[in-house]
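Here is what each chain is made of, one letter per residue.
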Amino acid sequence: MLRIAIQAKGRLNEQSLELLAEAGIRVSDSKRKLISRAEGFPLEVIYLRDDDIPQAVAMGVVDLGIVGLNEVEEKGFDVDIAMNLGFGKCRISLAVPNTASYDGPGFFRGKRIATSYPNILSRYFAEQGIDAEIHTIEGSVEIAPSVGMADAVFDIVSSGGTLISNGLTEVEKIFDSQAVLIANNALSEEKQRLAGQLKFRFGSIIESRGMKYVLMNLPKERLDEAVGILPGMRSPTVLPLAQEGWCSIHAVIAQDQLWERIEKLKAIGAEGILILSLENMIR
Ligand code: PRT
Ligand code: ZN
């Protein structure tokens, strides 16, 4: 039996449960429970505050955890970062009031900076040789400058909307984050085996996100050109068609390259193009 900690509520809760569900692991409604037994995998799910997940994993209270890399980095516990999960993407940046005349990191010398990430920030300042006053506050960091508590902030940014609405400008991006799967680094052999199975499922789900399965008909004589346009796990699958001189091609294409490639394929005579969403991809 493996134990995994996920965020009880907050930004990562829903997508963590979604990832488990896509991996064939059903967890009963969590709202009031601290712990639930999953169906479909020998797994117990423990719901914690994200701040507590790195420590719970490091101490072996749980074997695995899903948490923002920012929390792992800030808390500094010794855990294994098993994989990036591709959601909860954000950055931690230094931001100053719009009215400040910012002239590079030296600006922060002797300034008061409000943050919930004092360790990441003090490491950055140490590297830059900057002496600044770090004020640790939990929550509502972005209002600190307007109420006179700080000269700048070091906070999580995603769209940047919160900074803008508080009259702040992002000036230095210090840390990139996303949700990660972390593991205790002394798992028993049996737990490592189960964790490996889970990683395999998560990996193929994450890899197939943003991929499309494309089918089309093409004159046989344009096949070589089509192979050049289509990336694939190996090369595209080619099937004969009843109609003489034509074939059917199947391939997997990343969403961000989809339209550009479809246009090229149309230009060499592809017809009857079907684009299907891809549920899972196992290499
Ligand atoms: O209760 P608990 O302690 O578990 O939750 P929490 O309130 O500490 O964390 P939560 O749920 O807010 O965030 C959990 C994790 O989501 C963070 O640790 C990050 O890894 C990740 N994440 C991704 C974010 C954001 N995007 C994000 N935008 N965490 C916070 N924000 C906040 C940010 O603090 C700021 O207030 O959103 C605001 C900025 O957003 P934009 O879009 O306006 O730039
Ligand atoms: Zn938290």
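Now for a description of the structure that goes with this document. (Residues numbered from 1 in each chain as written. Chains lettered and ligands numbered in written order. Predicted model: local features only at pLDDT ≥ 70, side-chain atom pairs only at ≥ 80, totals over all residues. Heavy atoms only, no water.)

Side note on the sheet that holds strand β2 (residues 35-37)
And step 1. Taken together, the 6 strands give an open sheet; going across it, the order is β2-β3-β1-β4-β11-β5, and neighbouring strands pair in mixed fashion. One side of each edge strand has no neighbouring strand; the edge strands of this open sheet are β2 and β5 (80-84). Recorded for the sheet is a direction-independent mean angle of 25° between the axes of neighbouring strands.
And step 2. Bridge count for strand β1 (residues 2-7) against strand β3 (residues 43-48) is 6 bridges, and the pairing is parallel. (Pairing = 2+ DSSP bridges. Helix = DSSP H or I, 4+ residues; strand = E, 2+ residues; numbered from the N terminus. Axes fitted to C-alpha atoms, helices over the stretch in contact; angles between N-to-C directions.)

Examining the packing of aromatic side chains
And step 1. As enumerated under the stated definition, the model contains 5 aromatic pairs in all.
And step 2. With a centroid separation of 5.9 Å and 45° between ring planes, the pair formed by F108 and F125 is classed as tilted. In this pair, F108 is assigned in the loop between β6 (90-97) and β7 (112-115) and F125 in helix α4 (residues 118-128), connecting sequence segments 17 residues apart.
And step 3. Given a relative accessible area of 0%, F108 falls into the buried group.
And step 4. Arranged with centres 5.7 Å apart and planes meeting at 45°, the rings of Y124 and F125 form a pair that is tilted.
And step 5. Judged by relative accessible area, F125 falls into the buried class, the value being 3%.
And step 6. Taken together, the ring pairs in this structure connect Y102, F107, F108, Y124 and F125 into an aromatic cluster.
And step 7. Geometry around F107 places K111 over its ring, the cationic atom sitting 4.2 Å from the centre. (Phe/Tyr/Trp six-rings, centres within 6.5 Å; stacked < 30°, edge-to-face > 60°. Buried < 20%, exposed > 50% of the residue type's maximum accessible area, 1.4 Å probe, protein only. Lys NZ or Arg CZ within 6 Å of the ring centre and 35° of its normal.)

What about the pairing of β7?
The side chains of a regular strand alternate between both faces of the sheet.
And step 1. As paired elements, β7 and strand β8 (residues 133-136) share 4 bridges and run parallel to each other. Looking across to β8, one finds that T115 is bridged to T136.

A few points about a nonpolar patch on the surface
And step 1. A cluster of nonpolar side chains, I143, V147 and M149, forms an exposed patch at the surface whose accessible area comes to about 260 Å².
And step 2. Relative to the helices and strands, I143 is located in the loop between β8 and β9 (152-157). (Patch = residues over 30% accessible without salt bridge, like charges linked within 9 Å, V, L, I, M, F, W, Y side chains within 5 Å. Areas by Shrake-Rupley, 256 points an atom, 1.4 Å probe, with all protein chains shown as cover. Salt bridge = Lys/Arg side-chain N within 4 Å of Asp/Glu carboxyl O.)

Concerning the pairing of strand β12 (residues 211-219)
And step 1. Burial within β12 is extensive, with 7 of its 9 residues counted as buried.
And step 2. Bridge count for β12 against strand β14 (residues 246-254) is 9 bridges, and the pairing is antiparallel. Note that in β14 the partner of N217 across the bridge is S248.
And step 3. Relative to strand β15 (residues 271-277), β12 is paired through 5 bridges, and the arrangement is antiparallel. Its bridge partner lying in β15, L215 is registered against L274.

Concerning the site of ligand 1
And step 1. Around ligand 1 sit 22 residues in total, of which D51, N70, S159, G160 and T162 are the nearest.
And step 2. Taking D50, its side chain carries an N or O atom lying 2.9 Å from an oxygen atom of ligand 1.
And step 3. One of the side-chain nitrogen or oxygen atoms of T162 is found 2.5 Å away from an oxygen atom of ligand 1.
And step 4. Burial of ligand 1 by the protein amounts to 78% of the accessible area it has alone, namely 840 Å².
And step 5. The site holding ligand 1 turns out to be the largest pocket. (Near = heavy atom within 4 Å. Polar contact = N/O pair within 3.5 Å; in protein donor to acceptor, adjacent residues only side chain to side chain. 1 Å grid on protein atoms, 1.4 Å probe; cavity = no way out; pocket = protein on both sides within 12 Å on 5 of 7 lines; lining within 4 Å. Sits in = over half its atoms within 2 Å of the grid points.)

Coordinates in, geometry out; function isn't part of it.
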